[in-house]
Amino acid sequence: MPQRVFTATVVGIEAFPVEVEVDLAFGLPGTTIVGLPDSAVKESRERIRAALRNSGYDYPDRKVTINLAPADIRKEGAGFDLPMAVGLLAAIGVLPEGAPSGHLFLGELALDGRLKATRGVLPVALMARERGFDALVVPQENGSEAALVPELRVLAFEHLSQVVEYFHGRFEPEAPALPPRSAPAYHEDLADIVGQEQARRALEVAAAGGHNLLLIGPPGAGKTMLARRLPTILPEMSFEEALETTRIYSVAGLLSPERPLVTSRPFRSPHHTISDVGLIGGGTQPRPGEISLAHNGVLFLDELPEFNRRVLEALREPLEEGRVTITRATGSVTFPARFMLICAMNPCRCGYYGDPRRACQCSLQEIRRYRSRLSGPLLDRLDIHLEVPAVDYRELSSDRRGEPSESVRERVILARRVQEKRYGRPGKLNAHLTAREVKEWCVPDEAGRRLLEAACERLGLSARAYHRILKLARTIADIEGSENISAAHLSEAIQYRSLDRPFYGY
Ligand SMILES: Nc1ncnc2c1ncn2[C@@H]1O[C@H](COP(=O)(O)OP(=O)(O)OP(=O)(O)O)[C@@H](O)[C@H]1O
Ligand SMILES: [Mg+2]
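Keep in mind that this is a model prediction, so the values were computed, not measured.

1. Remarks on the pattern of salt bridges
By the definition in use, this model includes 30 salt bridges. Its salt-bridge partner being Glu188, residue Arg228 comes within 3.3 Å of it at the nearest N-O pair. Separated by 40 residues along the polypeptide, Arg228 in helix α7 (residues 223-228) and Glu188 in the loop between α5 (160-167) and α6 (197-209) bring together distant segments of the chain. You can call Arg228 partly exposed: its relative accessible area is 33%. Judged by relative accessible area, Glu188 falls into the partly exposed class, the value being 25%.

Structural data, given as structure tokens:
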């Protein structure tokens, strides 16, 4: 009778149960693994052989067949070591009859029999609870990650021999420590930024209404510094949000035993040479890209015009849907990807166009070419464009500090609450309004309407720009706690559309 042990495989961020069947037969000694294993799974053979021997168990001197079912899901990674070893131990009678049933096993083996951490434990734990497994058996280092899932029995071991002793009732593992739900800790604060009142304000408006933004300014103006501080003024993640983000990090193998739960909003800043797979996700075994690692946080694209156009085009779907679907011959995988986008660029190639400190070296044509590299559809999704001039060095050397992130964040939270109440849906913000909803919810008062009409005529604004200005004005009014959208709100909003001005930069 073959022995059966359960494990799991992760496709995207979803885990599926896999049954490991171990059969011993008379014949030439050797081990065959069947059922669509990848090369890493095939290497398990050698690791398991060494781990068993070094833990004091004999590797069966028989013809061993290990079958992974269902056969149509590709099995990858080293997490099958432990379930296969347990199946073998059961087959040779080292484990009591029927002992592993109802348990789900996941873990890599070191040659000396120690259990090594694997990725994807959180999705597997969620699946194990959903499917009603009695317990999940994982390496010690993955224990607290698995323990994030309530109402699931987690058994975390350091060594294969402990697993055997446990099933004989001679060893009881310690319950894994629940990760502390500490408040997020950021190393940066808005208070570090001297001056830049307008940019700080734009950052607050962006955070309050969920608006994506583009900062344009010369080198050293503090664009990168500002962008890095955006997560610090966003509301704390809820436990559900933290779990969602953690699940992605788990699959990407980016969790550490010390930090099994991602509690700070992510800030991802990929270099402009990144490939589309790196940014969007993919590969033969699809892995999340930077946009998914930024889920519930911030994606920062510095030097925006330097990014490959095709890479930027691929941002359209996630920016609209909050997720990305990757299609492969083997099927498609969906990763969550809801993030705030913040981009930065110089006003021209040399960086100094319009800077009083230094003359710009670019010709008008070069400036045009540089700007034209921004793809229209992406630009369309950036509600705020803001020029950030360099701060005077005398100001920089003063020890004046700006308003700290914490008090800005309080206003952001209040403004978001107003929006969620108005739209009757948690997480719905002004930036997400459709054209129809803008008509319904973003109606300026009489003076505001006249101002906007005049501005449109003077600046030649498009219908899209018009809608964006209304949404921004809605957010500005919401920060102030005003139901009414006034001319003052609108005139501030119009300032956040520098690239709409036809004469800008020429
Ligand atoms: N407003 C400011 N307050 C405090 N420090 C500042 C400010 N602006 C610039 N700095 C200082 O200048 C340095 C450069 O800023 P930062 O890297 O953010 O500029 P940047 O606009 O991103 O430039 P680049 O276009 O070269 O990327 C910062 O590390 C910081 O020390
Ligand atoms: Mg920079």
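2. Focus: the site of ligand 1
Near ligand 1, the surroundings consist of 15 residues, among which Val194, Gly220, Lys223, Thr224 and Met225 are the closest. Val194 places a polar main-chain atom, nitrogen or oxygen, 2.8 Å from a nitrogen atom of ligand 1. At a separation of 2.9 Å, an oxygen atom of ligand 1 approaches a polar backbone atom of Met225. For ligand 1, whose accessible area on its own is 640 Å², the fraction buried by protein is 68%. Among the elements that take part in the shell around ligand 1, α7 stands out by supplying three residues, more than any other.

3. Focus: unusual backbone geometry
Pro70 follows Ala69 through a cis peptide bond whose omega is 5°. Relative to the elements of secondary structure, Pro70 occurs in the loop between β4 (63-69) and α2 (81-91). A positive phi angle, near 70°, is found at Asn296, a position not held by glycine. You can see Asn296 is positioned in the loop between α10 (290-293) and β14 (298-301). When its relative accessible area of 10% is taken as the criterion, Asn296 is described as buried. With phi around 55°, Glu303 is a residue other than glycine that occupies positive phi space. You can see Glu303 is positioned in the loop between β14 and α11 (309-313).

4. Quick word on the confidence of the model for the protein chain
Chain-level pLDDT for the protein chain is 90 on average; 99% of the residues reach the 70-or-more range. Confidence scores differ between elements of the protein chain, with helix α15 (residues 393-397) showing the lowest mean pLDDT of 70 and strand β5 (residues 103-105) the highest of 98.

5. Here we look at the packing of α6 against helix α16 (residues 405-423)
Axis separation between α6 and α16 bottoms out at 8 Å; the angle between their running directions is 35°. The interaxial crossing formed by α6 with α16 has right-handed handedness. Contacts between α6 and α16 pair Glu204, Ala207, Ala208 and Gly209 from the former with Val408, Arg411, Val412, Ala415, Arg416 and Gln419 from the latter.

6. Observations concerning the sheet that holds strand β11 (residues 267-268)
Overall, parallel pairing links the five strands, which are arranged β11-β14-β17-β10-β18 in an open sheet. Two strands close off the open sheet at either side, each with one partner strand: β11 and β18 (384-387). Here β11 pairs with β14 via two bridges, running parallel. Across the sheet, residue Arg268 finds its bridge partner in β14, namely Leu299.

7. Describing the domain arrangement of the protein chain
Per the domain assignment, the segments of the protein chain are domain 1 (3-167), domain 2 (190-404) and domain 3 (433-506). For domain 1 versus domain 3, the distance between C-alpha centres works out to 59 Å.

8. Focus on the layout of surface pockets
Here the largest pocket is characterised by a volume of approximately 1,400 Å³. What lines the largest pocket is a set of 46 residues, and nearest its centre among them are Gly210, Arg338, Gly427, Ala431 and His432. The set of elements that each furnish at least two residues to the lining of the largest pocket consists of α8 (239-251), α12 (316-321), α16, α17 (435-441) and α19 (463-480). The class makeup of the residues in the lining of the largest pocket is 15 nonpolar, 12 polar and 19 charged. Two domains share the lining of the largest pocket, each providing at least three of its residues, namely domain 2 (190-404) and domain 3 (433-506). In this model, the second largest pocket occupies a volume close to 630 Å³. Surrounding the second largest pocket, 32 residues form its lining, Thr9, Val10, Arg74, Glu76 and Gln285 being those nearest its centre. Broken down by element, the lining of the second largest pocket gets its largest block of residues, four residues, from strand β1 (residues 3-11). Per-class residue counts for the lining of the second largest pocket are 14 nonpolar, 11 polar and seven charged. Counting residues domain by domain, the lining of the second largest pocket receives three or more from each of domain 1 (3-167) and domain 2 (190-404).

9. So, the packing of helix α18 (residues 446-459) against helix α20 (residues 487-495)
Running from N to C, α18 and α20 cross one another at 25°; their axes reach a closest spacing of 8 Å. Judged by the angle between their axes, α18 and α20 are roughly parallel. Two packed elements cross with a definite hand, and for α18 against α20 that hand is right-handed. Contact residues: Ala447, Gly448, Arg449, Leu451, Leu452, Ala455 and Leu459 in α18; Ala487, Leu490, Ser491 and Ile494 in α20. Across the contact of α18 with α20, the residue classes tally to eight nonpolar, two polar and one charged.

10. Some thoughts on the pairing of β4
Only one face of β4 is buried, namely the one carrying Val64, Ile66 and Leu68, since none of Lys63, Thr65, Asn67 and Ala69 on the opposite face is buried. Here seven bridges tie strand β2 (residues 14-25) to β4, and the two strands are oriented antiparallel to one another. The residue of β4 that forms the bridge with Glu19 is Ala69. Sheet analysis places strand β3 (residues 30-34) next to β4, joined by five bridges and oriented parallel.

Scoring rules and cut-offs
Residues numbered from 1 in each chain as written. Chains lettered and ligands numbered in written order. Predicted model: local features only at pLDDT ≥ 70, side-chain atom pairs only at ≥ 80, totals over all residues. Heavy atoms only, no water. Salt bridge = Lys/Arg side-chain N within 4 Å of Asp/Glu carboxyl O. Helix = DSSP H or I, 4+ residues; strand = E, 2+ residues; numbered from the N terminus. Buried < 20%, exposed > 50% of the residue type's maximum accessible area, 1.4 Å probe, protein only. Near = heavy atom within 4 Å. Polar contact = N/O pair within 3.5 Å; in protein donor to acceptor, adjacent residues only side chain to side chain. Areas by Shrake-Rupley, 256 points an atom, 1.4 Å probe, with all protein chains shown as cover. pLDDT = per-residue confidence, 0-100. Axes fitted to C-alpha atoms, helices over the stretch in contact; angles between N-to-C directions. Left-handed = near helix turned anticlockwise from the far one by under 90°. Contact = heavy atoms within 4.5 Å. Pairing = 2+ DSSP bridges. Domains from an automatic or database assignment. 1 Å grid on protein atoms, 1.4 Å probe; cavity = no way out; pocket = protein on both sides within 12 Å on 5 of 7 lines; lining within 4 Å. Points joined across faces, edges and corners; volume = space filled by probe spheres on them. Nonpolar A, V, L, I, M, F, W, Y, C, P; charged D, E, K, R; others polar. Parallel < 35°, antiparallel > 145°, perpendicular 65-115°, else oblique.

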